[in-house]
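Observations on the three-dimensional arrangement
Residues per chain are reported as follows:
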Amino acid sequence: MRSVISPASHRLAMSAEVADALADGVAVVALESTILSHGLPPGRNLDVGHRLERTVREGGAVPATIAVLDGQALIGLSRAQLERVCAPDADLDKLSLRDLGATMALGGSGATTVASTASLAHAAGIGVFGTGGLGGVHLPLPGTTTTWDVSADLGALARTPVLVVCSGMKSILDIPATLEVLETNSVPVLGYGTDDFPSFYLRSSGLPVPHRVDDPAQVAAVVSAHRRFADSGVLLANPVPREFEMDRALHDRLLAEGMELVASRDVHGADVTPVLLEHFHTASGGVSLDANEELVVSNVRLAAQVAVELAS
Ligand code: PSU
Ligand code: MN
């Protein structure tokens, strides 16, 4: 009997450029779309989207920005598709891995997080992914003692053999708890040129990384060695470039304000990060936006270098 709904794999649409690169063994770097649709303001997001793709190309790899549009998981966006994701009136949902199947089967659209981008990248045969920040274990909101808000990014990394290059996670999360969950799930955490785990806007969270690497060849060697024993992902933590690191006092003040805001407005779940980001961006007069853009560009540049190493 013919099935009515085609399997999800039939709805995976690769751009010709990405398909050719994968067929020819050319390095490919996956890029997520939530960072554009929910992490950066309209206008700025499209410029950053183009800049990230350009950065990957300059590094000798092919960019594959990933999103779901009209029920199709797109691996590599056309100019028009990238514009649609970044449009001020795009109104895209933020799709974590749990949302992918439903959105694809029901013909919906949305932007992909680290969890869903990594999963789609792996399904497409892409092993390297560059982004900004990872989701993690949330801190309990004021007035509560526990949280069940643990990002699906961690579960996806536990099961998906993809290298994720990021600048750690924001200090709005419980960073020690997040590192524990990564350890439980056998996800190696590498510090790039640092012994400290970074916290997005700041170069150090005050916590050490278990392993330090100092060049793309070392990263590629670790990924290859890890692959022989485990199917989990690898996290490469690359601190924000020194000249764009935020002032720690300003950072700490905005964080405290942001947490208050989230609690007072009764914001929950997937909306927490976008609301906090928006507060940082407006209240810092754009300083956090510059830091955000530059750290993602730096991560994507590094991702391209590692992808080239792995492809050679
Ligand atoms: N951290 C950021 N910027 C972001 C995100 C995280 O600094 O845009 C996005 C990423 O797409 C990440 C997702 O995968 O938020 C995690 O969301 P949640 O905590 O709801 O799982
Ligand atoms: Mn969450």
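Since we're looking at a predicted model, the values are computed, not measured.

Some remarks on the site of ligand 1
Neighbouring ligand 1 are 18 residues; Gly 39, Thr 113, Val 114, Gly 133 and Gly 135 lie closest to it. Counting only elements with at least two residues in the shell around ligand 1, the list comes to helix H2 (34-37) and helix H7 (152-159). A breakdown of the residues in the shell around ligand 1 according to their chemical character gives five nonpolar, ten polar and three charged.

Things to note about the packing of helix H6 (residues 114-124) against H7
In contact at an axis separation of 8 Å, H6 and H7 are set at 25° when each is read in the N-to-C sense. The pairing of H6 with H7 is recorded here as roughly parallel in orientation. Residues Val 114, Ala 115, Ala 118 and Ser 119 of H6 lie in contact with H7, whose contacting residues are Ala 152, Asp 153, Ala 156 and Leu 157. Of the residues contributing to the contact of H6 with H7, the split by class is six nonpolar, one polar and one charged.

Overview of the pairing of strand E9 (residues 189-192)
Of the two faces of E9, the one lined by Val 189 and Gly 191 and the one lined by Leu 190 and Tyr 192 are each fully buried. Examined bridge by bridge, E9 and strand E13 (residues 234-237) share three bridges and lie parallel to one another. Among the inter-strand pairings, Leu 190 is bridged to a residue of E13, identified as Leu 236. Across three bridges, the pairing between E9 and strand E12 (residues 211-213) is parallel. Across the sheet, the residue bridging to Tyr 192 is Val 213, located in E12.

Some remarks on the environment of His 122
Within the fold, His 122 resides in helix H6. Distance in space between the C-alpha atoms of His 122 and Pro 161 is 7.1 Å, their sequence separation being 39 residues. The contact partners of His 122, leaving out residues within four places of it in the chain, are Thr 160, Pro 161 and Val 162.

Considering the nonpolar core
Soluble globular proteins tend to bury their nonpolar side chains together. Core analysis: the largest hydrophobic core is formed by 93 residues, its most contacted members being Val 29, Val 164 and Leu 235. By residue number, the principal contributor to this core is helix H12 (residues 287-311), which donates eleven residues. Taken domain by domain, this core gets at least three of its residues from each of domain 1 (1-126) and domain 2 (130-312). Beyond its immediate chain neighbours, meaning those up to four positions away, Leu 235 contacts Leu 134, Leu 157, Val 164, Leu 182, Val 187, Pro 188, Val 189 and Leu 190.

Some points on the UniProt feature "active site" (unreviewed entry) in the protein
UniProt tags Glu 32 and Lys 170 as "active site" (unreviewed entry). Here Glu 32 shows up in the loop between strand E2 (28-31) and H2. Setting aside anything within four residues of it in sequence, one finds Glu 32 in contact with Ile 66, Thr 112, Thr 113, Val 114, Thr 117 and Thr 131. Residue position: Lys 170 is located in the loop between strand E8 (163-166) and helix H8 (175-184).

Focus on the UniProt feature "binding site: Mn(2+)" (unreviewed entry) in the protein
Residues annotated by UniProt as "binding site: Mn(2+)" (unreviewed entry) correspond here to Asp 149. Tracing the backbone shows Asp 149 in the loop between strand E7 (128-130) and H7. For Asp 149, a count of 18 C-beta atoms within 10 Å gives the class partly exposed. Aside from chain neighbours lying at most four places away, what touches Asp 149 is His 138 and Gly 269.

What counts, and where the lines are drawn
Residues numbered from 1 in each chain as written. Chains lettered and ligands numbered in written order. Predicted model: local features only at pLDDT ≥ 70, side-chain atom pairs only at ≥ 80, totals over all residues. Near = placed C-beta within 6 Å. Helix = DSSP H or I, 4+ residues; strand = E, 2+ residues; numbered from the N terminus. Nonpolar A, V, L, I, M, F, W, Y, C, P; charged D, E, K, R; others polar. Axes fitted to C-alpha atoms, helices over the stretch in contact; angles between N-to-C directions. Parallel < 35°, antiparallel > 145°, perpendicular 65-115°, else oblique. Contact = placed C-beta atoms within 7 Å. Buried ≥ 20, exposed ≤ 12 C-beta atoms within 10 Å, placed from the backbone. Pairing = 2+ DSSP bridges. Core = buried A, V, L, I, M, F, W, Y, C linked by C-beta atoms within 7 Å. Domains from an automatic or database assignment. UniProt positions renumbered as here; feature names shortened; annotations may be inferred.

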